[in-house]
Amino acid sequence: MDTPGHADFGGEVERIMNMIDGVLLVVDAAEGPQAQTRFVLRKALEAGAKPIVVINKIDRDNANPKKVLDQVFDLFISLNATDEQLDFPYVFCSAKAGYAHLEIGQEGGTMDPLFDAIVRHIPPPRAKAGNGFQVLVSNLDYSDYLGRIALGKIVEGKVRVGETACCLHGDGRVTPGKVTMIYHFEGLKRIEITEAHAGDIIGITGFDDVFIGETIADAADRGALPYIPVDPPTIQMEFAVNDGPLAGLDGKLVTARHLWDRLKKEVRTNVALRIATTSDPKVFAVSGRGEMQIAILVEQMRREGHEVLVSRPEVLWKQSPEGQPLEPIEHLYAEIPKEDLGAVMENLSHRRAQITAMNHHDTQITIEAHIPMRGLIGFETDLMNMTRGMGVMSHLFHEYGGDRGEIPARKNGSLVSMENGDATSYALNLIQERGRLMVAPGDKIYKGMIVGENAREQDLPVNPCKAKHLTNMRSQGDGKGIQLNAPFKLSLERALEYIDVDEYVEATPDHLRLRKKILDGNQRKRSERARNIRFVNP
């Protein structure tokens, strides 16, 4: 049940909650409930799911399962759990050693106590038998042979392979089709079956245009289940072919065709993404719900051997009937420790957020706010730093609203290399007087690459490859070592938030580099920075 405190995770959790009847809340016996535990548990309790608390890793030397159980109980109370939910069953186990116990102090055994607890306490599926069927689609998969696979729970009736059916879309359209395959799940394995009944979680093929939140039924007159729409994309980033001097040294998938094929494969299952070509055949526009979602895609592509250039996230605007620009406004939920309230509120005010609700419970505070999508870019990193990793946030699309004005961005310029070569200690020692370094001696450098952050607002061209000329004259500095500060390293998510509108993140399997979109310094001078407003096509 523990999942990353992911900003775009809220809608995904709500769709999953439509399929389940109970949850296992897995908590570490040494570390106790984490910040993200609070978010997923709150969603489960709101959905009415029956919880079973599993205290795992009881075989660790510093494990204190009784204390952790008390912390979990306090967590339930702080989330306003009902009396029935507070009377939760619990199991102590070690998944690594393969045993579970209902009481502390027992040795060895099997996982049977955990399985028995699931059978005893989790209620049967909320579904009804009968003729015909209804399936609420909660997720999507894809097969190269069968096409799109709709994953969901049978809410009513039973379904067989070969039956005619129809897809009831969210916009009211009805698409006829035929059930060509049914999958059942055993653990992580997908098993082909010929028939499934009410309450089963299955995969169905035969409907290539089905979407998350829609209904597959035996007939149109059976009606659609409540539609849960996927929030529209609110930001756009450019994915470009790596055309830098070091292209192709790390990855093997470097061409525009490789990049486009990988993006098409992603949108088959990731319905929150949109992709489109641009006027430049080497640049593709990728739209999504947040920079974290797209950063995950970039990280997956890096591990698969791709090289790609990624731009800074840009918000997608709309125009009002009067021609005024409208920007996407998000409903933000943040749970933070009480002692960090002041810093978080100050940060939100700079990001043009409007606080709509604030609830105090125990040592935590829940903040709800309406914030422009522009203001959310980079906020998750700030929240983690301000709360020392204890803050959790999620956000959902609220509306398109009026322009809330400028939001302060990065104030410092970049130190941009004007030469190709290897970075030298001698040159970096001189450059670090101008700002913070992002490279170390020996790193490969090329013209237009960002090697550091300038202490001033303007970009500054520097030569990090300059070597000290040797002479036969003794200098005063001989014998003195060069002391370089540790380079300023950025993660992929932080780099996407950090770069400016005229810069790229160069992501390869082995390296993350920052560079200017236009590598040549003279050509860069002819172009100018501007606040770029992208409008959504009507």
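Placed above this text is the structure.
Since we're looking at a predicted model, the values are computed, not measured.

S.K.: Could you clarify how one ought to interpret the packing of helix H8 (residues 341-350) against helix H10 (residues 379-386) in this entry?
M.R.: The relative placement of two packed helices comes down to the angle between their axes together with the axis-to-axis distance. For the pair H8 and H10, the least separation of the axes is 10 Å and the interaxial angle reads 160°. In terms of orientation, H8 and H10 fall into the roughly antiparallel class. For the element pair H8 and H10, the recorded crossing hand is right-handed. Residues Ala343, Val344, Asn347 and Leu348 of H8 pack against Phe379, Asp382, Leu383 and Met386 of H10. Tallied by class, residues from the contact of H8 with H10 come to 6 nonpolar, 1 polar and 1 charged.

S.K.: Would you explain the packing of aromatic side chains in this entry?
M.R.: Ring pairs (aromatic) are described by centroid distance and by the angle formed between their planes. A full pass over the atoms with the stated rule returns 6 aromatic pairs. Relative to Phe88, the ring of Phe73 lies with its centre 6.4 Å away and its plane at 45°, an arrangement referred to as tilted. Pair noted here: Phe73 is in helix H3 (residues 65-78) and Phe88 is in the loop between helix H4 (83-86) and strand S3 (90-94), with a separation of 15 residues, a long-range link. On the basis of an interplanar angle of 75° and a centroid distance of 6.1 Å, the ring pair of Phe488 and Tyr498 is categorised as edge-to-face. Of this pair, Phe488 sits in the loop between strand S28 (460-462) and helix H12 (492-498) while Tyr498 sits in helix H12; the two residues are 10 residues apart in sequence, bridging distant segments of the chain. Residue Tyr498 is classed as buried on the basis of its relative accessible area of 5%. Directly above the ring of Tyr183 sits Arg190, whose terminal nitrogen or CZ lies 4.9 Å from the centroid. Sitting over the face of the ring of Phe488, Arg436 holds its NZ or CZ atom 3.8 Å from the ring centroid.

S.K.: Sorry if this is basic, but what is going on with unusual backbone geometry here?
M.R.: Trans is the common state for peptide bonds, and a negative phi is the common state for residues other than glycine. Here the phi dihedral of Arg352 falls at roughly 65°; this positive angle occurs in a residue that is not glycine. Take Arg352: it is sitting in the loop between H8 and strand S20 (354-361). The phi angle at Arg388 is positive, at roughly 55°, despite the residue not being glycine. Tracing the chain through its elements places Arg388 in the loop between H10 and strand S22 (392-402).

S.K.: How do you make sense of the environment of Asp231 when you look at a structure like this?
M.R.: Within the secondary structure, Asp231 is located in the loop between strand S13 (215-217) and strand S14 (235-240). Sequence spacing of Asp231 and Arg257 is 26 residues, and the spatial spacing of their C-alpha atoms is 29 Å. Sequence-distant contacts of Asp231, that is, excluding residues within four places in its chain, are made with Arg289, Leu396 and Phe397.

S.K.: So what exactly am I meant to see when it comes to the pairing of strand S30 (residues 512-516) here?
M.R.: Regular strands have side chains that alternate between both faces of the sheet. Counting buried positions over the 5 residues of S30 gives 4, a clear majority of the element. One ladder, built from 5 bridges, connects strand S29 (residues 503-507) with S30; its direction is antiparallel. By the bridge assignment, Tyr504 is partnered in S30 with Arg515. Taken together, S29 and the strand that follows it, S30, pair antiparallel across an intervening segment of 4 residues.

S.K.: Where do I start with the pairing of strand S17 (residues 308-311) in this structure?
M.R.: By the alternation rule, side chains of S17 split into Val308 and Val310 and Leu309 and Ser311, which are all buried. In the sheet, S14 pairs with S17 via 2 bridges, with the strands oriented antiparallel. When the bridges of S17 are listed, Phe239 appears paired with Val310.

S.K.: Please clarify how the nonpolar core should be interpreted in this entry.
M.R.: Considering soluble globular proteins, one finds that nonpolar side chains tend to be buried as a cluster. Ranked by internal contacts, the top residues of the largest apolar core, which has 47 residues, are Phe239, Phe379 and Leu514. Broken down by element, this core gets its largest block of residues, 5 residues, from helix H7 (residues 291-303). Those residues within four positions of Leu514 in sequence are excluded, and the remaining contacts are Met438, Met449, Ile450, Leu490, Ala495, Tyr498, Ile499, Tyr504 and Val505. Formed by 21 residues, the second largest nonpolar core is a distinct cluster that contains Ile154, Cys167, Ala196 and Phe207.

S.K.: What is the right way to look at a nonpolar patch on the surface in this model?
M.R.: There is a patch of nonpolar side chains on the surface, built from Leu24, Phe115 and Ile118 and spanning about 230 Å² of accessible area. Mapping Ile118 onto the fold places it in helix H5 (residues 112-121). Relative accessible area serves as the criterion here: at 30%, Ile118 is assigned to the partly exposed category.

S.K.: Would you mind going over the sheet that holds S3 with me for this structure?
M.R.: To summarise the sheet geometry, strands pair through backbone hydrogen bonds and adopt either a parallel or an antiparallel arrangement. Across the sheet, which stays open at both edges, the 4 strands sit in the order S1-S2-S3-S4 with mixed pairing between neighbours. Here the strands that pair on one side only, and so sit at the sheet edges, are strand S1 (22-28) and strand S4 (99-101). For this sheet, the mean angle separating the axes of adjacent strands, direction not counted, is 30°. As paired strands, S1 and strand S2 (residues 50-56) are joined by 7 bridges and run parallel to one another. What sits directly across from Asp28, in S2, is Asn56. Contacting S1, S2, S3 and S4, H5 crosses the sheet at an angle of about 170° to S2.

S.K.: What exactly am I supposed to notice about the side chain of Thr387 here?
M.R.: With respect to the helices and strands, the residue Thr387 is situated in the loop between H10 and S22. One polar contact links the side chain of Thr387 to the main-chain carbonyl oxygen of Leu383, over a distance of 2.7 Å. The contacts of Thr387, once residues within four sequence positions are left out, are Ile336, Pro337, Asp340 and Val344.

S.K.: What is the right way to read the pattern of salt bridges from this model?
M.R.: Between side chains of opposite charge, a pair can form as their charged atoms come close. Under the definition given, this model contains 30 salt bridges. Put simply, Asp340 and Arg388 hold a salt bridge, and the shortest N to O gap is 3.2 Å. Of this pair, Asp340 sits in the loop between strand S19 (325-337) and H8 while Arg388 sits in the loop between H10 and S22, and the two are 48 residues apart along the sequence. Its relative accessible area of 7% is what places Asp340 among the buried residues.

The rules behind these values
Residues numbered from 1 in each chain as written. Predicted model: local features only at pLDDT ≥ 70, side-chain atom pairs only at ≥ 80, totals over all residues. Heavy atoms only, no water. Axes fitted to C-alpha atoms, helices over the stretch in contact; angles between N-to-C directions. Helix = DSSP H or I, 4+ residues; strand = E, 2+ residues; numbered from the N terminus. Parallel < 35°, antiparallel > 145°, perpendicular 65-115°, else oblique. Left-handed = near helix turned anticlockwise from the far one by under 90°. Contact = heavy atoms within 4.5 Å. Nonpolar A, V, L, I, M, F, W, Y, C, P; charged D, E, K, R; others polar. Phe/Tyr/Trp six-rings, centres within 6.5 Å; stacked < 30°, edge-to-face > 60°. Buried < 20%, exposed > 50% of the residue type's maximum accessible area, 1.4 Å probe, protein only. Lys NZ or Arg CZ within 6 Å of the ring centre and 35° of its normal. Pairing = 2+ DSSP bridges. Core = buried A, V, L, I, M, F, W, Y, C linked by side-chain atoms within 4.5 Å. Patch = residues over 30% accessible without salt bridge, like charges linked within 9 Å, V, L, I, M, F, W, Y side chains within 5 Å. Areas by Shrake-Rupley, 256 points an atom, 1.4 Å probe, with all protein chains shown as cover. Salt bridge = Lys/Arg side-chain N within 4 Å of Asp/Glu carboxyl O. Polar contact = N/O pair within 3.5 Å; in protein donor to acceptor, adjacent residues only side chain to side chain.

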